[in-house]
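The primary structure of each chain is shown beneath.
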Amino acid sequence: MAKIFIDPGHGGSDPGAVANGLQEKNLTLAIARHIREILLNEYQNVEVRMSRDRDVSVSLNERANMANRWGADFFLSIHNNAGGGTGFESFIHSSRPMRTRQLQQTIHRAIVQQLNVRDRGQKSANFAVLRLSRMPALLTENLFVDNANDAALLRRASVLQLIARGHVNGLASAFNLRRNQVYPPPPS
Ligand SMILES: [Zn+2]
């Protein structure tokens, strides 16, 4: 069983980036729920927990602690970007462990393949959740809420599904997830 911990960024009193009528905390939760739903519906050897499943404040420490206590195999933090720019980028911790770099490459590429947006690259940073989680950890920045074109994409439910699908494809490949048996349809 692969134990995947999904962390929808922000929440509660912390909305994250706010622009163009969008609040990051709502987008991250929607994407995280889609990822969980697809993983549990379509794959058999995977368990999922989330740092939050509603609009509530959770500290960065507590997010990492929850994953550590559970003994997660992977920590996946979902965010949307802001500050001027467009497209997708992902981060691992600045210590750049080899295994984590490999997972970033697999998952990053799978997401970019789903989205026809600018690939801003595979990056590293000393973000708290990446530093404090004791398992490989990746943080994805899924488009810019303060960019009009990106915001228009983020308003479409189908785009949030595509973002989730990209994450799932990457996770499935990185953790050798097995698809559920699909029984042939009855003869017509
Ligand atoms: Zn964020």
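## Let's talk about helix α6 (residues 157-174)
Because each turn of an α-helix spans 3.6 residues, side chains separated by three or four positions in sequence point in the same direction. Here α6 spans 26 Å end to end across 18 residues, near enough to the 26 Å set by a 1.5 Å rise per residue. The complete set of buried residues in α6 reads Val159, Leu160, Ile163, Ala164, Gly166, His167, Val168, Gly170, Leu171, Ala172 and Ala174. Next to the buried residues of α6 lie β1 (2-8), α1 (24-42), β5 (74-81), α3 (98-114), β8 (137-144) and α5 (148-154). Following α6 by one or two positions, Asn176 adopts a phi angle in the positive range, close to 50 degrees.

## Things to note about the coordination of the zinc ion
Coordination sphere of the zinc ion, protein contribution only: His10 (NE2), Glu24 (OE) and His79 (ND1), at 2.1 Å. In the primary structure, the donors to the zinc ion are separated according to the pattern H-x13-E-x54-H. Highlighted residues: Glu24 in helix α1 and His79 in strand β5, separated in sequence by 55 residues.

## Quick word on the nonpolar core
Within the largest apolar cluster, 41 residues are counted, with the highest numbers of intra-cluster contacts made by Ile35, Leu39, Phe74, Leu171 and Phe175. Tallying contributions element by element places α6 first for this core, with 8 residues. The contacts of Phe74, once residues within four sequence positions are left out, are Lys3, Ile4, Phe5, Leu103, Ile107, Met135, Pro136, Ala137, Leu138, Leu171 and Phe175. Core analysis: the second largest hydrophobic core is formed by 12 residues, Trp70, Phe75, Ala125 and Leu130 among them.

## A closer look at the packing of aromatic side chains
Evaluation of the coordinates by the stated rule reveals 3 aromatic pairs. On the basis of an interplanar angle of 25 degrees and a centroid distance of 5.4 Å, the ring pair of Phe5 and Phe75 is categorised as stacked. With a gap of 70 residues between them, Phe5 in strand β1 and Phe75 in strand β5 connect regions that are remote in the sequence. Residues Phe5 and Phe75 agree in their burial class; the two are buried.

## Observations regarding unusual backbone geometry
The residue Asn20 is not glycine, and still its phi comes out positive at about 55 degrees. If you trace the backbone, Asn20 turns up in the loop between β2 (18-19) and β3 (22-23).

## Here's the deal with the environment of Glu37
Positionally, Glu37 belongs in helix α1. Sequence separation of Glu37 and Glu141 is 104 residues, and the distance between their C-alpha atoms is 20 Å.

## Examining the packing of α1 against α6
Each packed pair of helices is defined by two parameters, the angle between the axes and the distance between the axes. For the pair α1 and α6, interaxial distance at closest approach is 9 Å and the crossing angle is 50 degrees. One element, α1, and the other, α6, form an angle in the oblique class. The hand of the α1/α6 crossing is right-handed. Judged by residue contacts, Leu27, Ala30, Ile31, His34, Ile35, Ile38, Leu39 and Glu42 of α1 engage Leu160, Gln161, Ile163, Ala164, Arg165, His167, Val168 and Leu171 from α6.

## With respect to the layout of surface pockets
A probe matching the size of a water molecule, rolled over the atoms, marks out where space remains unfilled. A volume near 230 Å³ is recorded for the largest pocket. As for the largest pocket, its lining consists of 18 residues, of which Gly9, His10, Asp14, Leu60 and His79 are closest to the centre. When residues of the lining of the largest pocket are assigned to their parent elements, the largest contribution, 3 residues, is made by β5. Grouping the amino acids of the lining of the largest pocket by side-chain chemistry returns 6 nonpolar, 7 polar and 5 charged.

Each value, and the rule that gives it
- Residues numbered from 1 in each chain as written.
- Predicted model: local features only at pLDDT ≥ 70, side-chain atom pairs only at ≥ 80, totals over all residues.
- Heavy atoms only, no water.
- Helix = DSSP H or I, 4+ residues; strand = E, 2+ residues; numbered from the N terminus.
- Expected span 1.5 Å × (residues − 1).
- Buried < 20%, exposed > 50% of the residue type's maximum accessible area, 1.4 Å probe, protein only.
- Contact = heavy atoms within 4.5 Å.
- Donors = N, O, S within 2.8 Å, 3.2 Å for Na, K, Ca; no water.
- Core = buried A, V, L, I, M, F, W, Y, C linked by side-chain atoms within 4.5 Å.
- Phe/Tyr/Trp six-rings, centres within 6.5 Å; stacked < 30°, edge-to-face > 60°.
- Axes fitted to C-alpha atoms, helices over the stretch in contact; angles between N-to-C directions.
- Parallel < 35°, antiparallel > 145°, perpendicular 65-115°, else oblique.
- Left-handed = near helix turned anticlockwise from the far one by under 90°.
- 1 Å grid on protein atoms, 1.4 Å probe; cavity = no way out; pocket = protein on both sides within 12 Å on 5 of 7 lines; lining within 4 Å.
- Points joined across faces, edges and corners; volume = space filled by probe spheres on them.
- Nonpolar A, V, L, I, M, F, W, Y, C, P; charged D, E, K, R; others polar.

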